Amino acid sequence: MKLVINEKLIKRNKKIGNVMSIAGIAILIGGLVVSFNPTPTKTIISFAALIIGFIVSQASTFFINRFGREPRFDEVIADNLNKLNNDYTLYVYSSPVPLLLVGPQGLWMPVPVSARGEIYYDKKWKQHGGSFLLKLFGQENIGRPEVDVESNEKALNAFFEKYLPELDVPTTNSVLVSMNPDAGIGDVDEAPLPIVDASALRRYIRKIDRKVEVDIAPEVLGKINDAFQGSE
């Protein structure tokens, strides 16, 4: 498998996450210090610092979870997919979506999910177990991944309409990838999206790809890859 990765973006966003983390802590501490000798003005400042510090800390968590952790989610996924042949190319922050696998049988969009506990679907995504606080702050909450997938698919379609309007680009297959070692997959038969453990991603993709009756023509595949690499 070929790998096209936007190292510059990853380094920049990792730095942003680290800076925002320090800034969030500093703002929270500042608000705490101001509250030691309360006055009406200081109380307002302390309350505002609490809100701003919390928002900045949440934003830093978003960046650090995606760009600062080791190994990063994209590294785990790339490691699992690296035995695919060179007809496949994995784009890491190098396409309109965070992760995109382009192959001769179609396009795949792996979507990392960090939730722990048992993940299942009952009219909506749910989970048993896990840390209440981490779920409360959105770090290990399953949320509504189909909303992110829909947004990413729109971005991808807009890209194709702009750069490859003449091509009948194949439909993108989206798959949720459970990244948390403390997670399990329960009943997801009615789920709007498939979900697999990170270690099973390559097997799942190969299983579905084998069922495709018509491969993407090599010249079309080449134009798709050229469009991504030429738009950087």
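Here the structure is shown first, and the text comes after it.
Right, let's walk through the structure included here. (Residues numbered from 1 in each chain as written. Predicted model: local features only at pLDDT ≥ 70, side-chain atom pairs only at ≥ 80, totals over all residues. Heavy atoms only, no water.)

1. Some thoughts on the pairing of strand β6 (residues 125-128)
And then number 1: Of the two faces of β6, only one is covered, namely that formed by Trp125 and Gln127; the face formed by Lys126 and His128 stays uncovered.
And then number 2: Across 4 bridges, the pairing between strand β5 (residues 117-121) and β6 is antiparallel. Pairing of Glu118 across the sheet is with His128, part of β6.
And then number 3: Following β5, the chain reverses through 3 residues before pairing antiparallel with β6; Lys123 in that reversal takes a positive phi of roughly 70°. (Buried < 20%, exposed > 50% of the residue type's maximum accessible area, 1.4 Å probe, protein only. Helix = DSSP H or I, 4+ residues; strand = E, 2+ residues; numbered from the N terminus. Pairing = 2+ DSSP bridges.)

2. Concerning the packing of helix α5 (residues 145-163) against helix α7 (residues 218-230)
And then number 1: Two elements in contact, α5 and α7, have axes whose closest approach is 11 Å; the angle formed by their N-to-C orientations is 100°. With respect to each other, α5 and α7 are oriented roughly perpendicular. On α7, the residues touching Leu156, Phe159, Phe160 and Tyr163 of α5 are Ile224, Ala227 and Phe228.
And then number 2: Residue composition of the contact of α5 with α7, grouped by class: 7 nonpolar, no polar and no charged. (Axes fitted to C-alpha atoms, helices over the stretch in contact; angles between N-to-C directions. Parallel < 35°, antiparallel > 145°, perpendicular 65-115°, else oblique. Contact = heavy atoms within 4.5 Å. Nonpolar A, V, L, I, M, F, W, Y, C, P; charged D, E, K, R; others polar.)

3. Quick look at the pattern of salt bridges
And then number 1: By the definition in use, this model includes 7 salt bridges.
And then number 2: Where Arg72 meets Glu75, a salt bridge forms, and the shortest distance between an N and an O atom there is 3.4 Å.
And then number 3: Since its relative accessible area comes to 10%, Arg72 is described here as buried.
And then number 4: Note on Glu75: relative accessible area 34%, which makes it partly exposed.
And then number 5: Salt-bridge contacts for Arg206 lead to Asp209; the nearest nitrogen and oxygen are separated by 4.0 Å. Placement of the pair is Arg206 and Asp209 together in helix α6 (residues 201-209), with a separation of 3 residues, close to one helical turn.
And then number 6: Residue Arg206 is classed as partly exposed on the basis of its relative accessible area of 24%.
And then number 7: Here the salt bridges do not stand alone but share partners, grouping Arg72, Asp74 and Glu75 into one network. (Salt bridge = Lys/Arg side-chain N within 4 Å of Asp/Glu carboxyl O.)

4. Focus: the sheet that holds strand β2 (residues 89-92)
And then number 1: What the 6 strands build is an open sheet, ordered β1-β2-β3-β4-β7-β9; its pairing is mixed. In the strand order of this sheet, the two ends are held by β1 (2-5) and β9 (195-197), each with one partner. Each strand axis lies, on average, 25° off the axis of its neighbour in the sheet, ignoring direction.
And then number 2: As paired elements, strand β3 (residues 99-103) and strand β4 (residues 106-113) share 3 bridges and run antiparallel to each other. Among the inter-strand pairings, Val102 is bridged to a residue of β4, identified as Leu107.
And then number 3: Packed onto the sheet, α6 meets β3, β4, β7 (172-178) and β9 and runs at close to 150° relative to β4.
And then number 4: Where α7 meets the sheet, its contacts fall on β1, β2, β3 and β4, and the angle it forms with β3 comes to roughly 150°.

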